[in-house]
Every structure is written in C-alpha cells, then in structure tokens.
Amino acid sequence: GSQIMIDEKKEIPILDVQGITVQYKTEKTLHTAVHKVSFQVFKEERTVIVGQSGCGKSTIMKAIGANLPLTEGQILLNGSPVLRPSID
C-alpha cells in the first residue's frame, strides 16, 4: 500500500517573538535588558510572562508594542513584522 500525504496548513501564530535582544546605552555601559528571547502565541492560548523584578518582562512587552527598538531578532503579529506602534 501507498500512503497519502495530506498537506495541512500550519497554523500561523498570532504573535511570534523570534530571538529578540534589547540593549541600551547608559553613560558608562551597554546594558542588555533582554537576550535572545523567543516564543509564540497561538489563537485561543493564554500566555503569561513571569519573573523577578528587573528580568525584562516590561521590556519584552514594550518591544512587542514597538515602543522599544530591537537590537536583534524580530516580532511578527499575524505573520507581519511589527515595525511601529499600532492599534493591533
């Protein structure tokens, strides 16, 4: 017998955070707030970002909203790059 391959469409994540790093300069040093963070959020999922104070939770949220520039990586919303703040 032969097998029939079914080409199922893979679900596109609503939010796809791909290896983001966020750094900023202070007067004395370059500070890495978030380093190579990746995760995906799919339809009907709930996602929680937890961690101790100062670990980068707010930085990740600001980057997702395009309110902070990424040093590396990218963020996709429904398959499209997040380049500037928007209502989405």
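Residues numbered from 1 in each chain as written. Predicted model: local features only at pLDDT ≥ 70, side-chain atom pairs only at ≥ 80, totals over all residues. Heavy atoms only, no water.

## Regarding the side chain of Asp16
Along the chain, Asp16 falls in strand β1 (residues 15-25). Among the residues examined, Asp16 registers a relative accessible area of 10% and is labelled buried. Looking at Asp16, its side chain comes within polar contact range of the side chain of Gln18, at 2.8 Å. Reaching out from Asp16, the side chain makes a polar contact with the side chain of Gln40 at a distance of 3.4 Å. For Asp16, the contacting residues outside a window of four places in its chain are Phe39, Gln40, Gln74, Ile75 and Leu76. (Helix = DSSP H or I, 4+ residues; strand = E, 2+ residues; numbered from the N terminus. Buried < 20%, exposed > 50% of the residue type's maximum accessible area, 1.4 Å probe, protein only. Polar contact = N/O pair within 3.5 Å; in protein donor to acceptor, adjacent residues only side chain to side chain. Contact = heavy atoms within 4.5 Å.)

## Some remarks on unusual backbone geometry
Phi angles above zero are rare outside glycine, and Lys36 is one such case at about 50 degrees. By the element assignment, Lys36 lies in strand β2 (residues 30-41). We classify Lys36 as exposed; its relative accessible area is 53%.

## Some points on the sheet that holds strand β4 (residues 80-81)
Spatially, four strands are ordered β2-β1-β3-β4 in an open sheet, and the strand pairing comes out antiparallel. Lying at the two open borders of the sheet, with one neighbouring strand each, are β2 and β4. Sheet topology places β1 next to strand β3 (residues 72-77); five bridges connect them, and they run antiparallel. Counterpart to Thr21 in the pairing with β3 is Glu72. (Pairing = 2+ DSSP bridges.)

## Observations regarding the environment of Gly56
Within the secondary structure, Gly56 is located in the loop between β2 and α1 (57-64). With 22 residues separating them along the chain, Gly56 and Val34 place their C-alpha atoms 5.7 Å apart. With residues up to four places along the chain from it excluded, the contact list for Gly56 reads Ala33 and Val34.

## Thoughts on the nonpolar core
By size, the foremost hydrophobic cluster in this structure holds eleven residues: Leu15, Val17, Ile20, Val22, Ala33, Val34, Val41, Ile60, Ala63, Ile64 and Ile75. Within the residue set of this core, elements represented by two or more residues are β1, β2 and α1. Sorting elements by how many residues they give to this core places β1 first, with four residues. With residues near it in sequence (within four places) discarded, Val22 still touches His31, Thr32, Ala33, Val34, Thr59, Ala63, Leu68, Pro69, Leu70 and Thr71. (Core = buried A, V, L, I, M, F, W, Y, C linked by side-chain atoms within 4.5 Å.)

## Topic: the pairing of β2
Where β1 and β2 come together, eight bridges link them in antiparallel fashion. Within β2, the position partnered with Val17 by the bridge is Phe39. In sequence, β1 turns back onto β2 through a hairpin of four residues.

Purely spatial values, then, with no claim about function.
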